[in-house]
Amino acid sequence: MAAIPEVLQRLRHALGKRTLVMGVLNLTPDSFYDGGRYTTLERALARAEQMIAEGADILDIGGESTRPGSEPVPMDEELRRTLPVIEAIASRSDIALSIDTTKSEVARRALQAGAHIVNDISGMTFDPHMPEVVAEAGALAILMHIKGTPKTMQQNPTYDDVVREVRDTLAQHAERAQQAGIPKEHIWLDPGIGFGKTLAHNLQLLRHLPDLKALGYPVLVGTSRKSFIGLILGGLPPEERLEGTLATLALAVAWGADAVRVHDVKEAVRAVKVADALVRGLS
Ligand code: HH2
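Residues numbered from 1 in each chain as written. Predicted model: local features only at pLDDT ≥ 70, side-chain atom pairs only at ≥ 80, totals over all residues. Heavy atoms only, no water.

**Notes on the overall build of the protein**
The secondary structure content of the protein amounts to eleven helices and eight strands. Taking 19 Å as the expected radius of gyration for a compact globule of 283 residues, we find that the protein reaches 17 Å, a close match to that expectation. Counting only C-alpha atoms and orienting by the principal axes, one finds that the protein spans roughly 40 × 35 × 35 Å. As displayed, the protein has an accessible area near 12000 Å², and 52% of this comes from carbon and sulfur atoms. The average position of the 31 basic charges and that of the 36 acidic charges among the side chains of the protein differ by 3 Å. (Helix = DSSP H or I, 4+ residues; strand = E, 2+ residues; numbered from the N terminus. Rg over C-alpha atoms; globule rule 2.2 N^0.38 Å. Areas by Shrake-Rupley, 256 points an atom, 1.4 Å probe, with all protein chains shown as cover. Lys, Arg positive; Asp, Glu negative; His and termini not counted. Charge placed at Lys NZ, Arg CZ, Asp CG, Glu CD.)

Take a look at the structure:
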């Protein structure tokens, strides 16, 4: 099992040199794209091994779908879905593992089981104990912006200035995290594409990624197969959104993304490698 400081140091070393790829592993029956595919330990492990072989830097393990309209999953069920898979991957590989949760107890148990990162779509606002759990473990926190909750977030989201509001809210989350004892270098930010945002909001946030980068934290972007891509393409379903996703990745790299969260690791690794060569030069 790879220790947290070792893994975080490895990630820190790569930051700024190339774009990191986080592969999504949803252990849910109902995620909007990969729901139901990896609900047994065997299938989840095979998928993890495949994403590692394809060049993922991080695996993001999720036991609760946060798609628009979704209901929270009870803690016991989230633990039942995620812990055995985290333990099994951590015992076989030293890949960086992230737990995608908003519950501090799920995060605490996942970090004990071998995870290194807590990816919290609420920016650590849904559970007041989350900051202390991350601080105590010395883990990395990914703080995402959401307006509302997954259940309600897509009911007419409005902003005066979406770029400013997302940036200011994330800056507050990062400040609160540091007050709880999480060091600045253990914090990444994420604009939360599709989380309480219209198509126009998502496009503006991506186009203005440099404004978010200006806060001085690494930035993760998650566009993979999301509905705004389907909307641009005339209503295409998630299975038909790979090419659109790759277009967003290339531009996210150009606009300063440090890491991208994707379902399609092989394709994303190739896309960001070419984008990196264009933006950062050949390594
Ligand atoms: N998007 C999803 C889930 N977690 N975490 C971060 N940091 N950024 C994201 O953009 C993000 C995220 C939604 O995608 P997915 O996990 O595929 O869907 P579901 O919530 O239905 O499981």
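**So, the pattern of salt bridges**
Scanning the entire structure with this criterion turns up 17 salt bridges. Here Glu-64 makes a salt bridge to Lys-103, at a shortest N to O gap of 3.1 Å. In this pair, Glu-64 is assigned in the loop between β2 (58–62) and α3 (75–92) and Lys-103 in the loop between β3 (96–100) and α4 (104–113), connecting sequence segments 39 residues apart. For Lys-103, a relative accessible area of 17% gives the class buried. When salt bridges with common partners are traced through the structure, they connect Asp-60, Asp-100 and Arg-261 into a single cluster. (Salt bridge = Lys/Arg side-chain N within 4 Å of Asp/Glu carboxyl O. Buried < 20%, exposed > 50% of the residue type's maximum accessible area, 1.4 Å probe, protein only.)

**Re the packing of aromatic side chains**
As enumerated under the stated definition, the model contains zero aromatic pairs in all. Positioned above the aromatic ring of Tyr-159 is the side chain of Lys-147, whose terminal nitrogen or guanidinium carbon lies 4.5 Å from the ring centre. If you follow Lys-184 out to its NZ or CZ, it ends over the ring of Tyr-217, 4.8 Å from the centre. (Phe/Tyr/Trp six-rings, centres within 6.5 Å; stacked < 30°, edge-to-face > 60°. Lys NZ or Arg CZ within 6 Å of the ring centre and 35° of its normal.)

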